[in-house]
Amino acid sequence: QVQLVESGGGLVQAGGSLRLSCAASRSISDIAAMGWYRQAPGKQRELVAGITTGGNIYYADSVKGRFTIARDNAKNTVDLQMNSLKPEDTAVYYCTAGFLVHVPSFWGQGTQVTVSS
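The model shown is predicted, which means the values in this text are computed figures rather than measured ones. (Residues numbered from 1 in each chain as written. Predicted model: local features only at pLDDT ≥ 70, side-chain atom pairs only at ≥ 80, totals over all residues. Heavy atoms only, no water.)

A. A look at the overall build of the protein chain. When helices and strands are tallied, the protein chain shows 0 helices and 11 strands. Counted from the first residue to the last, the protein chain has its helices and strands arranged as β-β-β-β-β-β-β-β-β-β-β. Relative to the 2.2 N^0.38 estimate, which gives 13 Å for 117 residues, the radius of gyration of the protein chain is 13 Å and therefore close to what a compact globule would have. Its C-alpha atoms give the protein chain principal-axis dimensions of about 40 × 25 × 25 Å. Only carbon and sulfur atoms are counted for the fraction: they give 51% of the accessible area of the protein chain, which is about 5,900 Å². (Helix = DSSP H or I, 4+ residues; strand = E, 2+ residues; numbered from the N terminus. Rg over C-alpha atoms; globule rule 2.2 N^0.38 Å. Areas by Shrake-Rupley, 256 points an atom, 1.4 Å probe, with all protein chains shown as cover.)

Encoded structure:
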């Protein structure tokens, strides 16, 4: 079991940046996969970025070159740096943890990101 708490969401203009942070309730060094998902109004939840203990990183095509995921096993955190934000990035962003990036077992409560045009 692990509890995940996201922070860093907010309102930003298009072209701006935000940094999301996810704090875990315990060590994440043995959690194989950490990730960030998002869900926009009326849309299905989608994987944005994921990172494994082995250093493998996944990005959705829509965010490649703009978002960067990083995990700090010493601080038990996973961050998502989001640059060049677009209105279509508006969504609730969720931190996840589990054995597989694409099949998370644990979810945070989410943090709202709103990008205005």
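B. Seen up close, the packing of aromatic side chains. Applying the stated criterion across every chain, the model contains 2 aromatic pairs. Between Y94 and W107, the ring centres sit 6.0 Å apart and the planes meet at 80°, which makes this aromatic pair edge-to-face. Taken together, the residues span a long stretch of sequence, with Y94 in strand β9 (residues 91–98) and W107 in strand β10 (residues 106–107) at a distance of 13 residues. By relative accessible area, which is 13% here, Y94 ends up buried. Taken together, Y37, Y94 and W107 form an aromatic cluster joined through their ring pairs. Across the ring face of Y94, the terminal group of R45 is positioned such that the distance to the ring centre comes to 4.2 Å. Sitting above the plane of the W107 ring, R45 keeps its charged end 4.6 Å from the centroid. (Phe/Tyr/Trp six-rings, centres within 6.5 Å; stacked < 30°, edge-to-face > 60°. Buried < 20%, exposed > 50% of the residue type's maximum accessible area, 1.4 Å probe, protein only. Lys NZ or Arg CZ within 6 Å of the ring centre and 35° of its normal.)

C. Spotlight on the pairing of strand β4 (residues 33–39). In terms of burial, β4 is a largely internal element, 6 of the 7 residues being buried. Direction of pairing for β4 relative to strand β5 (residues 46–52): antiparallel, over a ladder of 6 bridges. Residue pairing in the sheet places G35 in a bridge with G50 of β5. What sits between β4 and β5 in their antiparallel hairpin is a turn of 6 residues, with G42 showing a positive phi close to 75°. Note that β4 and β9 share 7 bridges and pair antiparallel. Bridge assignment links G35 to a residue of β9, and that residue is T96. (Pairing = 2+ DSSP bridges.)

D. Focus on the side chain of D79. Relative to the elements of secondary structure, D79 occurs in strand β8 (residues 77–82). Among the residues examined, D79 registers a relative accessible area of 15% and is labelled buried. A distance of 2.8 Å separates a polar atom in the side chain of D79 from a polar atom in the side chain of S21. Filtering out sequence-adjacent residues up to four positions away, D79 remains in contact with R19, L20, S21, C22, W36, T68, I69 and A70. (Polar contact = N/O pair within 3.5 Å; in protein donor to acceptor, adjacent residues only side chain to side chain. Contact = heavy atoms within 4.5 Å.)

E. Spotlight on the state of the cysteines. Counted by the stated rule, this structure contains 1 disulfide. The disulfide bridge from C22 ends at C95, spanning 2.1 Å between sulfur atoms. Every disulfide takes its handedness from the sign of the S-S torsion; for C22 and C95 that torsion is -80°, giving left-handed. Note that C22 is positioned in strand β3 (residues 18–24) and C95 in strand β9, a separation of 73 residues in sequence. Overall, the relative accessible area of 0% leaves C95 in the buried class. (Disulfide = S-S within 2.5 Å.)

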